[in-house]
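So the chains spell out like this:
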Amino acid sequence: IKKTLAKPGVKNIVLVDGVRTPFLQSGTIYADLMPHDLARAALQGLLNRTGLPKDAVDYIVYGTVIQEVKTSNVAREAALGAGFSDKTPAHTVTMACISSNQAMTTAVGLIAAGQCDAVVAGGVEFMSDVPIRHSRRMRKTMLSLNKAKTLGARLSLLGSIRLAHLAPELPAVAEFSTAETMGHSADRLAAAFGVSRLEQDEFALRSHTLAKKAQDSGLLSDVISFKVPGKDIVSKDNGIRPSTMEQMAKLKPAFIKPHGTVTAANSSFLTDGASAVLIMSEEKALAMGYKPKAYLRDFVYVSQDPKDQLLLGPTYATPKVLEKSGLTLNDIDVFEFHEAFAGQIMANLKAMESDWFAQTYMGRKTKVGAPPMEKFNSWGGSLSLGHPFAATGCRLVTTVAHRLQKEGGQYGLVAACAAGGQGHAMVIEAYPQ
Amino acid sequence: MAGVRALGSLSRLTTRRYNLTMFPARTHVNYEIKGDVAVIRMNDPSARVNTLSVQMQREMTEVMDEVWGNSAVQSVVLISSKPGSFIAGADLNMIQACTTAEEVTLLSQEGQKMFEKIEKSPKPIVAAINGSCLGGGLEFAIACQYRIATKSKKTVLGCPEVMLGLLPGAGGTQRLPKMLGLPSAFDMVLTGRSIRPDKAKKMGLVHQLVDTLGPGLKSPEERTIEYLEEVAVEAARGLAKKQIPLTKEKGLMQKIQDHVMSYPFVRQQIYNTVQKKVMKQTKGLYPAPLKIIECVKAGLEQGPTAGYLAESQNFGKLAMTPESKALIGLYHGQVTCKKNRFGTPEKEVKALAVLGAGLMGAGIAQVSVDKGIHTILKDTTLEGLSRGEQQVYKGLNDKTKKKSITTFERDSFLSNLTGQLDYNGFNKADMVIEAVFEDLSIKHKVLKEVEAVIPPHCIFATNTSALPIKDIAAVSKRPEKVIGMHYFSPVDKMQLLEIITTDKTSKDTTASAVAVGLKQGKVIIVVGDGPGFYTTRCLAPMLAEAVRVLQEGVDPKKLDSLTTGFGFPVGAATLADEVGIDVAAHVAEDLGKAFGSRFGGGNIEFLKSMVDKGFKGRKSGKGCYIYQPGLKRRDVNTEALEILESYKLTPNAAISSDSDIQYRLVSRFVNEAVLCLQEGILANPVEGDIGAVFGLGFPPCLGGPFRFVDSFGADKLVEKMRKFEEVFGNQFTPCQLLLDHAKDPSKKFHK
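Calculation criteria
- Residues numbered from 1 in each chain as written.
- Chains lettered and ligands numbered in written order.
- Predicted model: local features only at pLDDT ≥ 70, side-chain atom pairs only at ≥ 80, totals over all residues.
- Heavy atoms only, no water.
- Axes fitted to C-alpha atoms, helices over the stretch in contact; angles between N-to-C directions.
- Helix = DSSP H or I, 4+ residues; strand = E, 2+ residues; numbered from the N terminus.
- Parallel < 35°, antiparallel > 145°, perpendicular 65-115°, else oblique.
- Contact = heavy atoms within 4.5 Å.
- Nonpolar A, V, L, I, M, F, W, Y, C, P; charged D, E, K, R; others polar.
- Buried < 20%, exposed > 50% of the residue type's maximum accessible area, 1.4 Å probe, protein only.
- Pairing = 2+ DSSP bridges.
- Core = buried A, V, L, I, M, F, W, Y, C linked by side-chain atoms within 4.5 Å.
- Buried area = accessible area lost by both parts, 1.4 Å probe.
- Salt bridge = Lys/Arg side-chain N within 4 Å of Asp/Glu carboxyl O.
- Polar contact = N/O pair within 3.5 Å; in protein donor to acceptor, adjacent residues only side chain to side chain.
- pLDDT = per-residue confidence, 0-100.
- Phe/Tyr/Trp six-rings, centres within 6.5 Å; stacked < 30°, edge-to-face > 60°.
- Lys NZ or Arg CZ within 6 Å of the ring centre and 35° of its normal.

I would appreciate a short explanation of the packing of helix 29 (residues 705-712) of chain B against helix 30 (residues 714-728) of chain B in the present structure.
Packed helices, taken two at a time, are described by their axes: the angle between them and the distance between them. Residue and element names in this part refer to chain B. Their axes nearest at 6 Å, the elements helix 29 and helix 30 cross at an angle of 100 degrees. The angle between the axes of helix 29 and helix 30 places the two elements in the roughly perpendicular class. Between helix 29 and helix 30, the residues in contact are Phe-708, Val-709 and Phe-712 and Ala-714, Lys-716, Leu-717 and Lys-720, respectively. In terms of residue class, the contact of helix 29 with helix 30 is built from five nonpolar, no polar and two charged.

See below:
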């Protein structure tokens, strides 16, 4: 057994347990819900799973990306509905695809600082309904209408409305700073690292195949059953579809036409889902009689050029967090990387394998190395399980904990990229069995 | 995977060896066969950009013949391995080396023949374009069957020949109308404008676009070219296998347009409209656009044989015109004036401070922040500062509307700007440019204040249009760090920067000022110190003459049409309004004091009366003309005419014909320019021409005052001046250098 990563003077913080709702393709069974409904389901699931007394929770932090304006602090709305004490404060964080990672590390921070002992963190994303807005011109006219005092003023404002003003504004998965959609950036990234269409399709197929295997053998124990109002009980992810290379090869590129390599089949799909974890100080967990699943150890956030290196977060974050923990890549038993696009994963693997990249762009002497595939996302990943933006982080951490228990390893590594050119990585240590 | 990689490098090795043994002599064009696709790569090892030089053409012809003769090759990719340049155009030296129109026509015909073979190639050729694809380069590309371009900022397509007084002489006037339709083709060929990739795709000039790539396992530039090649190779295969159709199904609009264009009288109407527009814009002073219309017309109305013949013959004729020689001279001059002949400065200017947030100050700040220079903009009042910062914001925001920058880039540029009222942070400035009011005592006060707060290495540059720099530097503790930087208004549009050195200015200070100007995107002339330096000194006598002409009863509109008719882009009366009547009066008085009666002519009192009435030109809404916001039409300011009435002069009929008036204006300008060279204010005639054309709008078709003397004849000019001298005296006395040139016709300013 390897050494523990406990550091003198630093509180041991543990993951007691983690759950998630089934991740469903958007527009399917969850279509009529609201985001806080999904978050509530995850919170209730966590309470059921852990038997946690509601008043034992000091604080709740939730992540979300595309915000429902009515529930902008979705953490609070979900917590109230889930029956938590109205004396338990809750706040919402957002950091694109690493929002729930941010929620978890916020929880870690609150505990480490001695301000809380038990925090629930989670994330929710609901892509079946997104805020579609009136155009800026139309909004301006409507707001002015509120202020207009006379009928004449109102009529003249109404008269100023043109057909074009009625065109709605749709949210896009695009960078604000560059106006480039993420899929387009992923395609360019794959091209920059010379990742072929074949490699991407192969990786996507691997993800679906492994996910299917994990689902069939009951390894995805973090998934809770959820009775959807007006619909059946859902207890499985519905995006896992192992296809064939031939079928996948038939698809046309989705973003860069006609010569791009990123297709619908080798990208993560729009997903609805929520996740939640219970994080405690080790003493508190033991005092409450819990058997924690894992220690949450060092973590880092990184950021880089949002145009040309948008999705390279894992490449930058991995060596940094390993260094912090005094580990090398070889020490890691379990890798869980967020799969935004197969091309993005392959590009990151190539970048991590390149001394030239490490020296030229990261100011490091040598490469960190690519994770061995047999330890990498072996229960599927975002490509197959689905990727509700802000819910993925908790899934990654919980999966690492479960895999460490199942496979008997000691250290796990979570890494993810996020819009804005940001990234995150965390080292997780198995709790002694 | 490692196995595949090894195989890949092995195949690369073998092809390289194959090339080496087969074609040891080739230096510009090479090729590699990838399966059934021949990838032809161009790279001129001796130049920054690729041109269609004799060598390039010879090697290209050889390579093409080999590729055509190789039965294993089904299709071809044409690509440049030089970053940022596909082919930037024909080799100008090749044209300039010709002494007769017939020789140039022959060059054109050779080009036409080569591209005809390309066009008729039985194996489809894909032009893979990254970087400049201009002139002959564009003609090469449009002769190919398919075009793929990168979205790089450096990728531009265009036919700039017209700007050199030439026409696209290798099939451009014939292929473009068929490819793009008459209106787009005329726009492209007659304006010479550069077309960016997305626009080119929309117009149908290229078939496919390829994104630029960021960091990967190679440098972004290298990998982008490689990626372009991969995509092009795939497209070439698709074309050879007929999976990609060569002709695109035309849209409804295109079909309608084609149908309309099939009527001869519609085409005739377009020719007429375009011809009229060209005449209006060029006053008939530029032969190239008219010849271009002729060639397009010949091709469409009389068929390709007549069209190509017209193109090659007109190309030959144009190359021999003084207009083309003048424009090519300006092109070379501009290239020269974009280099720093003073070397690399010891310390790069990273932090700049601009004093005065007026039109000039804010303009200088704008062209600095968008080049990544941290700039402090200081004013004395909050209102002034706010106006200045708004000007910078608007200047950049207008660029986002034209989509030349994104709103994000705008914001990040603006983050380089700090607006303030105090001298905070000046202790970290590398250079201070003052753009305060043109008054020696104010400039002295500012200089002393600034020198008290800046670090020892900091340069003090003064933006003045007439005050001698040595007078300003007189109160400096470190005159070697003081230099003049004369910007032209509006700073973000005008290309020229006149840098003025005193005999105390150090070489490093000059090098640094030039480096900053180049970074700001300016064309730079470096001149000696003296009243009015070079540009203002040339302009002053011409404006003095213009005032006299007005006093003689010539209407401002007439005066404008006489000057624009000579080739000035802006008429003299309008120019006075633009410069500002108050500034003109100020300068006329200052320079009058310095140079005496030679700078006389019009009555300065007239200008002063105008200023007293508040007629300061465009900025005050009234000058020679009345300016109303939003209104393009301008009426003559009748109140100004009333003032003129009291300064009325009787014209001397012997020297008051339209042509006389034109030469009275121009000869004073030119004589003063030559005198500046004679006195050493100017370092050389090239900078004199560039300064006059880019700063003052001297007719580009004449190439600048010095080229004008060369082509018009110094003797003829002296003869004209003597005639005016008889009436007006020393204002028209030719300077010694001009007389020397008049005496000896072999003496030329330009070789």
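Is there a simple way to think about the pairing of strand 11 (residues 411-418) of chain A in this case?
For a regular strand, the rule is simple: side chains alternate between the two faces of the sheet. All names here are of chain A. With eight of eight residues buried, strand 11 is to be regarded as a mostly interior element. Residue alternation in strand 11 divides its side chains into two sets, Tyr-411, Leu-413, Ala-415 and Cys-417 and Gly-412, Val-414, Ala-416 and Ala-418, and both sets are buried. Bridge count between strand 10 (residues 334-337) and strand 11: four bridges; the pairing is parallel. For Phe-335, the partnering residue across the bridge sits in strand 11 and is Leu-413. Where strand 11 lies against strand 12 (residues 422-430), eight bridges are found, and the strand directions are antiparallel. Residue Ala-415 lies in a different strand from strand 12, and its bridge partner there is Ala-425. Count of turn residues in the strand 11/strand 12 antiparallel hairpin: three residues, of which Gly-420 carries a positive phi of about 90 degrees.

I tried to follow the nonpolar core on my own but got confused; where do I start?
Among soluble globular proteins, nonpolar side chains are generally buried collectively. All names here are of chain B. Of all hydrophobic cores here, the largest spans 100 residues; its most connected members are Val-432, Tyr-534, Leu-559, Val-674, Phe-698, Phe-708 and Leu-738. For this core, the element with the highest residue contribution is helix 27 (residues 658-678), accounting for 11 residues. In this view, Leu-559 contacts Ala-546, Val-549, Leu-550, Val-554, Ala-572, Ala-573 and Leu-665; residues no more than four positions away in its chain are not counted. Counting residues in hydrophobic clusters, the runner-up holds 71 residues, among them Val-76, Ala-141, Cys-144 and Val-162.

Looking at this structure, I do not really get the sheet that holds strand 4 (residues 85-87) of chain B. What am I missing?
Strands in a sheet are paired, the pairing made by backbone hydrogen bonds, and the direction either parallel or antiparallel. Residues and elements named next belong to chain B. The sheet built from three strands is open, its strands ordered 4-6-8 with parallel pairing. The open sheet has two edge strands with one neighbour each: strand 4 and strand 8 (156-158). If you compare each strand with its neighbour and ignore which way they point, the axes differ by 10 degrees on average. Across the sheet, helix 5 (residues 136-143) is in contact with strand 4, strand 6 (132-134) and strand 8; its angle to strand 6 comes to roughly 85 degrees.

Looking at this structure, I do not really get the interface of chain B and chain A. What am I missing?
One frequently used descriptor of interface size is the decrease in accessible area upon assembly of the parts. Contacts between the two partners involve 20 residues from chain B, matched on the other side by 18 residues from chain A. Between chain B and chain A the total buried area reaches about 1600 Å² when both faces are included, carbon and sulfur atoms providing 62% of it. At the boundary of chain B with chain A, the tally comes to zero salt bridges. Seen at the junction of chain B and chain A, the total is four residue pairs in polar contact (both at pLDDT 80 or more).

So what exactly am I meant to see when it comes to the confidence of the model for chain B here?
In regions of low pLDDT, the predicted coordinates are not meant to be interpreted in detail. Residues and elements named next belong to chain B. In this model, chain B carries an average pLDDT of 93, and 97% of its residues clear a pLDDT of 70 or more. Predicted confidence for residues 1-21 stays below pLDDT 50, and this span has six contacts to residues more than four positions away or in other chains. Across the assembled chains, the prediction reports ipTM 0.94 with pTM 0.92.

In this structure, what is going on with the packing of aromatic side chains? I would like to understand it.
How two aromatic rings sit relative to each other is given by the distance of their centres and the angle of their planes. Residue and element names in this part refer to chain B. Summed over the entire model, instances satisfying the criterion amount to 28 aromatic pairs over all chains. Where Phe-566 meets Tyr-663, the ring centres are 5.4 Å apart and the plane angle is 85 degrees; that geometry is what we call edge-to-face. Highlighted residues: Phe-566 in helix 22 (residues 556-566) and Tyr-663 in helix 27, separated in sequence by 97 residues. Residue classification places Phe-566 among the buried residues on the basis of a relative accessible area of 11%. Look at Phe-708 and Phe-712: their rings are 5.0 Å apart centre to centre, the planes differ by 20 degrees, and that puts the pair in the stacked class. Here Phe-708 pairs with Phe-712, and both are found in helix 29, just four residues apart, close to one helical turn. Here Phe-708 and Phe-712 have matching classes, each one buried. Taken together, the ring pairs in this structure connect Phe-566, Phe-568, Tyr-663, Phe-669, Phe-698, Phe-708 and Phe-712 into an aromatic cluster. Between the NZ or CZ atom of Arg-668 and the centre of the ring of Phe-732, over which it lies, the distance is 5.6 Å. Of note, Lys-716 hangs over the ring of Phe-712, and the distance from its end group to the ring centre comes to 4.6 Å.

It is not clear to me how the pattern of salt bridges should be interpreted in this structure. Could you clarify?
All names here are of chain B. In the structure shown here, the tally under the stated rule is 64 salt bridges over all chains. Where Lys-218 meets Glu-226, a salt bridge forms, and the shortest distance between an N and an O atom there is 2.3 Å. A residue is classified by how much of its surface remains accessible, and Glu-226, at 26% relative accessible area, is partly exposed. For Arg-664, the salt bridge identified is with Glu-552, shortest N-O distance 3.2 Å. Taken as a pair, Arg-664 in helix 27 and Glu-552 in the loop between helix 21 (535-551) and helix 22 lie far apart in primary sequence, 112 residues in all. One exposure class covers both Arg-664 and Glu-552, and it is buried.

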